[in-house]
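Structure at a glance
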Amino acid sequence: MSSETWTIRKVLTWTAQHFEKRQVDSPRLTAEVLLSHLLNMGRVRLYVDLDRPLSKEELAAYRALIERRMAGEPTQYLTGTKEFYNRPFKVDARVLIPRPETELLVEAALHALPKDAPSRALDVCTGSGCIAISLAAERPQASVTATDLSPGACALARENAEALGVAGRLTLLQGDLFAPLPPDARFALVVSNPPYIASGEIPGLSAEVRREPPLALDGGRDGLDLIRRVIQGARRHLEPGGLLAMEIGETQGAAVKELLQAAGYENARVEKDLERRDRLAFGTHPVATGPRG
Ligand code: GLN
């Protein structure tokens, strides 16, 4: 950029073209989102103020954001926020950026929690806390427990719970899946979006996804390591009739359905996302009939 006057209009046009050449996704939108973040004004406001010139300092700061974005840093890490289920979540490189597919998991999981009675839900691999916090916010009588192996994720999930007003009903435990729970803890719902990408596929992912924590992505050789362990562990922590709801990879539907059936779940089923790819898997903990042996 030269030393002439750079208005919002001009900066956005230049940046969108630059992003387009460098094959950054949604070039114009990304330019606007980053500028509205930097200037601390809504995107609509940018259009009202198209002729406002940027100061030297603003230009320098914006240029730094553009460079980080072109180097592969996700837009959401640069702005520090991502909307999920209609609420803003803080995000940074300690956690996976919440995805729209995962909103479908929340939507389905909510059916297992009554609207006007107390209930208990567990979210393992909570990351930013987006699932656990959405459930708590949508079900004001629910108590939600969330675990994550990463201390950084737990710290950020706690910040999100506080900012979104559900910290009093969210128990956050740092540790591996079910390990931090009391052995007799039982839930009406166990939900998880575990890491499910096969290790061998990770090097081929986009630069942006490779900025996300490997711990949040890597599901082992066939991508199913964590899913297997969630299926096993949830058996011990679901109430009779309780629901296990998981997000899975698009090629994993048949395998996960089999794993659920082999582990003794009832009504094992797989559902697709909006792009018609297998994305969600469910199973119900059998209700014990007859005396327990
Ligand atoms: N539960 C979080 C999410 O769905 C994090 C998932 C993960 O880190 N694998 O975004």
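Residues numbered from 1 in each chain as written. Predicted model: local features only at pLDDT ≥ 70, side-chain atom pairs only at ≥ 80, totals over all residues. Heavy atoms only, no water.

1. Brief notes about the UniProt feature "binding site: S-adenosyl-L-methionine" (unreviewed entry) in the protein chain
For clarity, the cut-off: UniProt positions are given in the numbering used here, feature names are shortened, and annotations may be inferred rather than shown by experiment. Under the DSSP-based scheme used, a helix requires at least four consecutive residues in state H or I and a strand at least two consecutive residues in state E, with every element numbered from the N terminus. Buried means the residue's accessible area, taken with a 1.4 Å probe over protein chains only, is under 20% of the maximum for its type, while exposed means over 50%, and partly exposed covers the values in between. Two residues qualify as a contact provided that any one of their heavy atoms is within 4.5 Å of a heavy atom in the partner residue. In protein, a polar contact means a hydrogen-donor-capable atom and an acceptor-capable atom, both N or O and within 3.5 Å, with residues adjacent in sequence counting only if both atoms are side-chain atoms; elsewhere, any N or O pair within 3.5 Å suffices.
According to UniProt, the positions carrying the feature "binding site: S-adenosyl-L-methionine" (unreviewed entry) are Asp148 and Asn193. For the annotated residues, spread through 46 residues, the largest C-alpha to C-alpha distance comes to 11.3 Å, consistent with a single compact locus. By secondary structure assignment, the location of Asp148 is in strand β4 (residues 142-148). Residue Asp148 is classed as buried on the basis of its relative accessible area, which comes to 10%. Not counting chain neighbours up to four residues away, the residues in contact with Asp148 comprise Cys125, Thr126, Gly127, Ala153, Cys154, Leu173, Gln174 and Gly175. Here Gly127 takes part through its backbone nitrogen, which lies 2.8 Å from a polar atom of the side chain of Asp148.

2. Brief notes about the state of the cysteines
The line we're drawing: Any cysteine sulfur atom paired with another within 2.5 Å is treated as part of a disulfide.
Within the structure shown, the criterion is met by 0 disulfides. Here Cys125 is not cross-linked by a disulfide; its sulfur's nearest cysteine counterpart is in Cys154, at 11 Å. Of the residues examined, Cys154 reaches a relative accessible area of 10% and is grouped as buried.

3. Quick notes on helix α10 (residues 225-237)
For clarity, the threshold we go by: Given the number of residues in a helix, its expected span is that number minus one, multiplied by 1.5 Å.
With 13 residues, α10 extends 19 Å from end C-alpha to end C-alpha; this agrees with the ideal 18 Å at 1.5 Å per step. Buried residues of α10: Leu226, Ile227, Val230, Ile231, Gly233, Ala234 and His237, and no others. For α10, the elements touching its buried residues are β3 (119-124), β6 (187-192), β7 (238-247) and α11 (253-262).

4. Let's talk about the site of the ligand
Stated formally: Whether a residue is near a molecule or strand depends on its heavy atoms: if one lies within 4 Å, it is near. Values of accessible area rely on a 1.4 Å probe in the Shrake-Rupley scheme; residue burial ignores everything except the protein chains shown. Gly falls in the polar group here, along with every residue not listed as nonpolar (Ala, Val, Leu, Ile, Met, Phe, Trp, Tyr, Cys, Pro) or charged (Asp, Glu, Lys, Arg).
Every residue near the ligand is listed here: Leu96, Pro98, Thr102, Cys125, Thr126, Gly127, Cys130, Ile131, Asn193, Pro194, Pro195 and Ala216. At 3.0 Å, a backbone N or O of Cys125 approaches a nitrogen atom of the ligand. One of the side-chain N or O atoms of Asn193 is found 2.8 Å from an oxygen atom in the ligand. Contact with the protein chains covers 98% of the free accessible surface of the ligand, which is 290 Å². Of the residues contributing to the shell around the ligand, the split by class is 8 nonpolar, 4 polar and no charged.

5. Observations concerning the environment of Val230
You can see Val230 is positioned in helix α10. A relative accessible area of 0% means that Val230 is categorised as buried. Along the chain, Val230 and Val190 lie 40 residues apart, while their C-alpha atoms are 9.0 Å from each other. Val230 has contacts with Val124, Leu177, Phe178, Ser192, Leu244, Met246 and Tyr265, leaving out every residue within four places of it along the chain.

6. Considerations on the pairing of β6
Spelled out, the test is: Strand pairing is defined by DSSP finding a minimum of two bridges between the two strands.
Counting buried positions over the 6 residues of β6 gives 6, a clear majority of the element. With 4 bridges joining them, β3 and β6 adopt parallel strand pairing. When the bridges of β6 are listed, Leu122 appears paired with Val190. Both β6 and β7 contribute to a ladder of 5 bridges, which runs parallel. Bridge pairing in β7 links Val191 to Ala245.

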